[in-house]
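# Close look at the chain arrangement
These are the residues of each chain, in order.
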Amino acid sequence: SIIFNYSIGILLEKERINKKLLLIIGVVANLSLLVWFKYTPFLAKNIAMLFGNPDTSSPLWQTFFNIHLPLGISFFTFQGMSYVFDVYRKDAKAEKSLPNLALYIAMFPQLIAGPIVRFKEIAAAISERNVTTDKIIHGINLFIIGLGYKVLLANNLAFPADKIFALGQDSLTFSLAWLGTICYTLQIYFDFCGYSTMAVGLGLMLGIKFPKNFNFPYISQSITEFWRRWHITLSQWFRDYLYIPLGGNRKGSINTYRNLLLVFILCGIWHGASWAFLVWGLYHGFFLVIERLGLGALLKKAAPIFR
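Residues numbered from 1 in each chain as written. Predicted model: local features only at pLDDT ≥ 70, side-chain atom pairs only at ≥ 80, totals over all residues. Heavy atoms only, no water.

### Comments concerning the pattern of salt bridges
All chains considered together, the criterion is met by six salt bridges. Here Arg-118 makes a salt bridge to Asp-240, at a shortest N to O gap of 2.6 Å. Of this pair, Arg-118 sits in the loop between α5 (98–105) and α6 (119–127) while Asp-240 is found in helix α10 (residues 232–243), placing the two residues 122 residues apart along the sequence. Take Arg-118 and Asp-240: they sit in the same class, and that class is buried. Ionic pairing is found between Glu-225 and Arg-229, a salt bridge with its closest N-O pair at 2.8 Å. Remark: Arg-229 and Glu-225 occur in helix α9 (residues 223–229); sequence separation between them is four residues, near one turn of the helix. Given the relative accessible area of 17%, Arg-229 is considered buried. (Salt bridge = Lys/Arg side-chain N within 4 Å of Asp/Glu carboxyl O. Helix = DSSP H or I, 4+ residues; strand = E, 2+ residues; numbered from the N terminus. Buried < 20%, exposed > 50% of the residue type's maximum accessible area, 1.4 Å probe, protein only.)

### So, the nonpolar core
Counting 62 residues, the largest nonpolar core has Phe-78, Tyr-83, Tyr-104 and Phe-238 as the members making the most contacts within it. With nine residues, the single largest contributor to this core is helix α4 (residues 73–88). Setting aside chain neighbours within four positions, we find Phe-238 in contact with Phe-78, Tyr-243, Val-263, Leu-266, Cys-267 and Trp-270. (Core = buried A, V, L, I, M, F, W, Y, C linked by side-chain atoms within 4.5 Å. Contact = heavy atoms within 4.5 Å.)

### Describing the packing of α5 against α6
Interhelical geometry of α5 versus α6 gives an angle of 130° and a closest axis separation of 10 Å. The orientation of α5 with respect to α6, classified from their angle, is oblique. In terms of crossing hand, the pair formed by α5 and α6 is right-handed. Judged by residue contacts, Asn-100, Leu-101, Leu-103 and Tyr-104 of α5 engage Phe-119, Ile-122, Ile-126 and Ser-127 from α6. In terms of residue class, the contact of α5 with α6 is made up of six nonpolar, two polar and no charged. (Axes fitted to C-alpha atoms, helices over the stretch in contact; angles between N-to-C directions. Parallel < 35°, antiparallel > 145°, perpendicular 65-115°, else oblique. Left-handed = near helix turned anticlockwise from the far one by under 90°. Nonpolar A, V, L, I, M, F, W, Y, C, P; charged D, E, K, R; others polar.)

### Topic: the side chain of Asn-213
Along the polypeptide, Asn-213 turns up in the loop between α8 (174–205) and α9. Other than its neighbours up to four places away in sequence, Asn-213 contacts Pro-115, Phe-192, Ser-196, Arg-229, Trp-230, His-231, Ile-232 and Thr-233.

### A look at the packing of aromatic side chains
Going through the model one piece at a time under the given rule, you end up with 27 aromatic pairs. Taken together, a centroid distance of 5.1 Å and an interplanar angle of 70° make the contact between Trp-227 and Phe-264 edge-to-face. Separated by 37 residues along the polypeptide, Trp-227 in helix α9 and Phe-264 in helix α11 (residues 253–271) bring together distant segments of the chain. Site record: aromatic cluster; members linked through ring pairs are Tyr-149, Tyr-189, Phe-190, Phe-192, Phe-214, Tyr-218, Phe-226, Trp-227, Trp-230, Phe-264 and Trp-280. For the cation-ring pair, Lys-38 lies above Trp-270, with the distance from its terminal atom to the ring centre recorded as 5.5 Å. (Phe/Tyr/Trp six-rings, centres within 6.5 Å; stacked < 30°, edge-to-face > 60°. Lys NZ or Arg CZ within 6 Å of the ring centre and 35° of its normal.)

### Topic: unusual backbone geometry
Here the bond from Gly-114 into Pro-115 is cis, since omega is 5°, no more than 30 degrees from zero. Relative to the helices and strands, Pro-115 resides in the loop between α5 and α6. Even without glycine at this site, Lys-90 takes up a positive phi of about 65°. Take Lys-90: it is sitting in the loop between α4 and α5. Of note, the phi angle at Phe-216 is positive, near 50°, even though the residue is not glycine. Examined against the element boundaries, Phe-216 turns out to sit in the loop between α8 and α9. Given a relative accessible area of 54%, Phe-216 falls into the exposed group.

Dropping the structure here:
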């Protein structure tokens, strides 16, 4: 992935070359890598079900079912693609140093859990890092806070959530259902935000400033606001590299709603290869459309408790 994106970046700065074709090749190749490793088993299982569950014990079927997922592929694929986009748009210059680009794509603090970092944001810091005592101290503080989120809060909230979710329907009372839901809600926030905060802290210790990934998302008063606060770098990635190129909200209401639904279906699938994630993405896209249709204006007029 590193060598491929490095080559595409170098070629994009050459004269007398079809840059749009190169961009398409770069995007398709990056996505093909992601699709093969992350989604092939899911697609194979659904194809098998579609054809009446044929004998899947053959070596060919097992090849598709038993693909191992490379660590952090969702994050480093999106970073590779953002590099290609930024060079194509001339938002950043192609990196001539292969080790520097490797450092960007395989940056260990945020490789497996984010935030998603764009090349144009840290290109200068990679070339000339400035490590100071203040940054190291600030980075250590952030790392400790993130570690506390993960170990002290998320891990302990997981115990009641897992036990309640494992109960049968007959054993699940109204209050237990709410307790499990709230514990899980807090668990996933402190888990993910904890990892992101640790990554930002490690980055500062290395002299590189990563973007903020969470901004108190559970105080949001609409789904639109929620996605400005939750996994901020992913929302911005989809906005800048998919939603706006599709036309954003510039080509009429119907196209805007279509773009929102498409972006959030893909956002859901990006999180995981299952129908549940696709439905989850569609659910959020649906509420974003409803808010644009008028619910958002009603929410602004309503008392905060109803929002």
